[in-house]
Structure formats: structure tokens, C-alpha cells
Amino acid sequence: MEYKVILIQGAMNIEIEYLINQLKEKEKIAIAEYEFYKGTISNKTIIISKTLIGTINATIATSIGISRFKPDVIINQGIAGAHKKDIHIGDIVIGEKCCNINSYSMPTKSENEGTNPFEWEPDKRAKQVQNADDNLLKCVKEKLFLNYKRKVFIGTLGSGDVFNREIDRINWINNTFGNLCEDMESIGVYTTCNKYKIPCIGIRIISNNEITGEEFDEAQAINLQKLLIEVLKNWR
């Protein structure tokens, strides 16, 4: 399948600056404080979107991007924290699926009865797993496995407005959802794209792992962008 207009998203400057610098015939477009950069890479029309951080921002930016630029495909990419011991900094997770890890129902408790997050149950929104586009998933898998020397995992992205740093909580989330990592944007992107019937996929490079004590390395965001450039060059 040929993708003529490709919209690539990142929440922070570090996640998009390298891509922006590779654009030819670059044009900056600001809509409702969301930044878009239109240009070409390898003769393909590329839109770079700075979604800003969080599920709400990602949802709004995706909706604007779809309405304004009519992309054939959307790639949400950036850094993420690992939720398994065997996934390390620099490894990549391709989101075959995406789930909301921050949507729960809690048992009723009276004043002074305390709180126990391990008693919380995923609610309806958390159970509505969103899927990546099958054709896009196949294409991205082939290109990334071909070009990347570190591990590439295929699985579920966990996403929500939360930065988990408690190992017991991380393990509970992983056991509950089966997710490989967590970020704060992809669930908004997947949900919006699926409603608009726009093919999408999330690609995340691991920047930290609380379980193994691997500290945050934001520079991994640049490594992923460099890899995406190589993928775009070979994308037919």
C-alpha cells in the first residue's frame, strides 16, 4: 500500500526536532497552539506534529491533523518507560495494540478506611483495547527488524496520564494489561484514528526502566527519529 501523506507525531521537542530538521521545503503551521511542520522526505509528503504531553493533547492534535492535512497514515512515536525486566533502554516496542492504563473503578470505602490501588479494577475504557492497522504493522515490522540492531518487541502499549515509578505498581499494571511499556499519548491517538478510520501505529523507544534501575535517557528519542528516517527512505 502506498502512503502519500504521512503524519508523524511526537509530544516533546526532543521527540521531533531531528525529524523537522530533515524536512525539505519546510513550512510551519500553528493551529490552536499545536505545531505542525509540513515538508518532504525522500519525495514523500511528511507532516510532523508536536502533540504536547498527555492523552487530551494527543487526541486534540490528532483530530486537528486529520482534519487539516488528510493523512493516509499516522505514526505516533517517542520515548516510553519499560514495564518488563527484559526490555532495556534503546529497545523498541511496536504497538500492535494500545490500552488505557489509567482508567479504573474503585471499591466503595468510608472515611478513614484508606485507599488500596491494588483493589482498583480496570473500567470499560481500559478494557476497550485499540488496534494498530494490520498492513501498517506488517510494513513497520519488516522495516524496523531490517534496520535495527537492538531488540524490537511487538505487543501492547500502555498509555495514560500517569508516570509510574513504584515497581509493585508497574508489575501490577503489567500483569493486569500485559503491556510492554507506558507512555502518555498513544491511547488518545489510537482511539481517534480508529474512529476516523485512519491507519495508525505507535512506535516507542525505551528511555528508562524503573524495574531494572535504568535511568531516564531522553537522547533515545533522537535514535528513534534517525531510524524512522531510514525507514521512510526505503518505504514504497
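The present account deals with the structure reproduced in this document. Keep in mind that this is a model prediction, so the values were computed, not measured.

**A look at the overall build of the protein chain**
Next up, step 1: On a plain count of helices and strands, the protein chain comes out with seven helices and twelve strands.
Next up, step 2: Of all 236 residues assigned to the protein chain, the portion counted as buried reaches 55%.
Next up, step 3: A sequence separation of at least 24 residues applies to 77% of the contacts in the protein chain between residues at least 6 apart.
Next up, step 4: Entry remark: accessible area of the protein chain is about 11,500 Å², with carbon and sulfur atoms responsible for 47%.
Next up, step 5: Each charge sign in the protein chain was given a centre, from 30 positive and 31 negative side chains, and these centres are 8 Å apart.

**Quick word on the nonpolar core**
Next up, step 1: Of all hydrophobic cores here, the largest spans 65 residues; its most connected members are Ile 6, Ile 48, Ile 92, Ile 201, Ile 203 and Trp 235.
Next up, step 2: Broken down by element, this core gets its largest block of residues, seven residues, from helix α7 (residues 220-233).
Next up, step 3: When neighbours within four sequence positions are excluded, Ile 201 is seen to be in contact with Ile 74, Ile 75, Asn 76, Ile 94, Gly 95, Ala 132, Leu 136, Leu 137, Val 140 and Tyr 190.
Next up, step 4: In this structure, Cys 99, Ile 101, Ile 173 and Phe 177 belong to the second largest nonpolar core, which totals eight residues.

**Points about helix α2 (residues 55-69)**
Next up, step 1: Over its 15 residues, α2 extends 21 Å from the first C-alpha to the last, a length consistent with the 21 Å expected when each residue adds 1.5 Å.
Next up, step 2: Here α2 has its buried residues at Thr 55, Ala 58, Ala 61, Thr 62, Ile 64, Gly 65, Ile 66 and Phe 69.
Next up, step 3: The positive-phi residue at the C-terminal boundary of α2 is Lys 70, with phi of around 50°.

**Structural notes on the environment of Ser 159**
Next up, step 1: By the secondary structure assignment, Ser 159 is in strand β10 (residues 152-159).
Next up, step 2: A relative accessible area of 0% means that Ser 159 is categorised as buried.
Next up, step 3: In this structure the C-alpha to C-alpha distance between Ser 159 and Tyr 18, which are 141 residues apart in sequence, comes to 24 Å.
Next up, step 4: If we ignore the near neighbours within four places in the chain, the residues touching Ser 159 are Thr 55, Cys 98, Cys 99, Asn 100, Ile 101, Asn 102, Asp 183, Met 184, Glu 185, Ser 186 and Ile 187.
Next up, step 5: A distance of 3.1 Å separates a polar atom in the side chain of Ser 159 from a polar atom in the side chain of Asp 183.
Next up, step 6: Only 3.3 Å separates the side chain of Ser 159 from the backbone nitrogen of Ser 186, close enough to count as a polar contact.

Each value, and the rule that gives it
- Residues numbered from 1 in each chain as written.
- Predicted model: local features only at pLDDT ≥ 70, side-chain atom pairs only at ≥ 80, totals over all residues.
- Heavy atoms only, no water.
- Helix = DSSP H or I, 4+ residues; strand = E, 2+ residues; numbered from the N terminus.
- Buried < 20%, exposed > 50% of the residue type's maximum accessible area, 1.4 Å probe, protein only.
- Contact = heavy atoms within 4.5 Å.
- Areas by Shrake-Rupley, 256 points an atom, 1.4 Å probe, with all protein chains shown as cover.
- Lys, Arg positive; Asp, Glu negative; His and termini not counted.
- Charge placed at Lys NZ, Arg CZ, Asp CG, Glu CD.
- Core = buried A, V, L, I, M, F, W, Y, C linked by side-chain atoms within 4.5 Å.
- Expected span 1.5 Å × (residues − 1).
- Polar contact = N/O pair within 3.5 Å; in protein donor to acceptor, adjacent residues only side chain to side chain.

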